[in-house]
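One-letter residues, chain by chain:
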Amino acid sequence: MRLNLREVPFSTRGSYMAFSYLEGKYQGKEVENGLYFRTVHGSASSSFLARVRPVYERKQIEYTYEAEPWELRIITDKGTARLVFADKDTIVIRGNLALEFDFMTEGTMFTFAQPWKSGDKDFWMVNCFNGNSRYMVRAAKGTVRPEQKWSVSTAEYCRICLEPGNAGEYLATLEENFEDWADRKIEYDYDAILKEKAAEFERFYESMPSVPAVYADAARVAAYVDWASIVAPCGVLKRESMFMSKNWMCNVWSWDHCFNAMALAYHNPKEAWDQFLVMFDFQKPSGNIPDSVNDAKIIHNYCKPPIHGWTLRKLMGIMAISHEQLMEAYEKLSKWTYWWLNCRDENGDGLCEYTHGNDSGWDNATAFAELPPVTLPDLAAFLVLQMDVLAEVAEKLGYMSDADMWKERSDKMLDKMLQVLFRDEKPIGLAGFDMTEVDCDSLILYLPIIIGKKLPEEIRRTMIETLKSEKFNTEYGLATESPASSAYEPDGYWRGPIWAPSTMIVLDGMRECGEEEFVSEAVHKFCRMIQKSGCAENFDALTGEGLRDRAYTWTASVMLVMAHEYLV
């Protein structure tokens, strides 16, 4: 499997380091074409650390690259440089051509290289202030040649070049250095590391949900995206966590993590449980969990929808969950549910509101065209389901009065949702406290299908017919805004493109309603789209083209879970 570094970074499980090939524009900014060494730490003011380029007679030369999950090769007519991650903190580099790391100094201060001694070993320490990071470079074979112009407290330019020298080949290490760094005195065997890294990826791939053979190529890409997007505990992160991407969406969001937990659950139960609970590590006494986190930042401005009860039910169906884990989940999920009931029912009508599109996960959907708060049936349905799951867990734990209470509250909210948020058997959204009906053709209104047969038969039939019609259903899947809508945009984020989470939520509900044939057909569409366009953040609903971040973990995880659950 070859990686396209224009879309999928080269990294490894646990690491905050990555390599990407950039050209033209990156997040709207012009960049010099080429291969870049990057950091995904949340404290970095820029993820770009250095341009990586082969040189001959101190001039850059043309090159191509090849990348697999375990190795990056930089190829020229003068020789080859090869890179492998020995571990999350260390990159081992072997080559017979000079390879230069041109560290980014323009527009930043305090980027420089300085000599460093550890016993009889010589290192160069590179300080990258824009990345809030340091790196130790050493050549066990060959030479390290620094090139910089020191100016008072920084370098005007800073380059580190690895050169074969008289040895004809270099063997060098680039190691992330925090303040407690010490030489671990490891002698690296490149070929042995490469063999183990390839085996490590294969073990992870084999541990992921099995899929039909026709989608094996897509499954390998999906497994790599998930594996390479995992970061080690660091800073505020106390667990190994799967970022949404190591492109630029380098966070965990508080509904994205649910889909990734499901994909891990089949053969990695510890990792799945960590991924499920990672956002609850930041739960406030009120019960609220933040919008997103990384190793340095916790974003509290928004939240995400309460799909965690649905997720817990899925996890209970896939993996063994101990009594202690159930108790932990029950406490956290109860607090999360109470937060919604206590803090997001502003008018006290028994239905919770979203205070921003970001709270729904559907940031700019047309359901939020009017000033929030907005009362939508998806939120009510998620809470109905979550309270049902809390009742189930309470019974397992022997909390019978709690179980009765959650069942009663679930039924009460379901009744209120059906009275207020459905008209003529169709779902509606209501904006503001005057409850003005929202004029939109957004798929978000149809997410209540997730509660399946708890919906009255007439409403269920109407929603199923709409979801199977051309209103949302395209050649590639379910558009988030009807293509017939005047608000539809091919690359409009939640105003048209196909997304993994909305697809899985709808299809899971449709399956509960007995629509197996439609679900199977829709999953095949989704898998074919991944096979064609990779694990993109979202997809053009009419062409299947991948959009935005092109290495997104919830897309990878949803593909693996749906292909396994609905097609195998």
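Residues numbered from 1 in each chain as written. Predicted model: local features only at pLDDT ≥ 70, side-chain atom pairs only at ≥ 80, totals over all residues. Heavy atoms only, no water.

**Focus on the packing of helix α12 (residues 516-533) against helix α13 (residues 553-567)**
- The interhelical angle for the contact between α12 and α13, taken along N-to-C directions, is 140 degrees, at an axis separation of 10 Å. The pairing of α12 with α13 is recorded here as oblique in orientation. Here α12 and α13 pass one another in a crossing that is left-handed. Each of V519, S520, V523, H524, F526, C527 and I530 in α12 lies in contact with α13, whose residues at this interface are T555, V558, M559, M562, A563, Y566 and L567. (Axes fitted to C-alpha atoms, helices over the stretch in contact; angles between N-to-C directions. Helix = DSSP H or I, 4+ residues; strand = E, 2+ residues; numbered from the N terminus. Parallel < 35°, antiparallel > 145°, perpendicular 65-115°, else oblique. Left-handed = near helix turned anticlockwise from the far one by under 90°. Contact = heavy atoms within 4.5 Å.)

**Side note on the nonpolar core**
- If you look at the biggest cluster of nonpolar residues, it comprises 203 residues, and the most contacted ones within it are F19, F37, F101, F259 and M417.
- Among the elements that make up this core, the one with the highest residue count is helix α8 (residues 377-397) (14 residues).
- Ignoring anything within four residues of it in the chain, the contact list for F101 reads F19, F37, A50, R51, V52, I93, C158, R159, I160, L162 and L174.
- One finds L22, V31, Y36 and M104 within the second-largest nonpolar core, a separate group that totals 6 residues. (Core = buried A, V, L, I, M, F, W, Y, C linked by side-chain atoms within 4.5 Å. Buried < 20%, exposed > 50% of the residue type's maximum accessible area, 1.4 Å probe, protein only.)

**Some remarks on unusual backbone geometry**
- A cis geometry characterises the amide bond from P372 onward to P373, with omega recorded as 15 degrees.
- Structurally, the position occupied by P373 is in the loop between α7 (357-360) and β23 (374-375).
- Positive phi outside glycine occurs at D424, with the angle close to 55 degrees.
- Following the sequence through the fold, D424 ends up in the loop between β24 (422-423) and β25 (426-427).
- Relative accessible area serves as the criterion here: at 69%, D424 is assigned to the exposed category.

**Quick word on the sheet that holds strand β17 (residues 170-177)**
- Ordered by their spatial adjacency, 8 strands build an open sheet running β7-β8-β9-β10-β17-β14-β13-β12, and the pairing between neighbours is antiparallel. One side of each edge strand has no neighbouring strand; the edge strands of this open sheet are β7 (64-68) and β12 (112-118). This sheet shows a mean twist of 20 degrees between the axes of neighbouring strands, independent of strand direction.
- As judged from the 6 bridges shared by strand β10 (residues 90-95) and β17, these two strands associate in the antiparallel manner. Across the sheet, T90 pairs through a bridge with E175, a residue of β17.
- Together, β8 (71-76), β9 (79-87), β10 and β17 form the strand contacts of helix α1 (residues 190-207), whose direction differs from that of β9 by roughly 60 degrees. (Pairing = 2+ DSSP bridges.)

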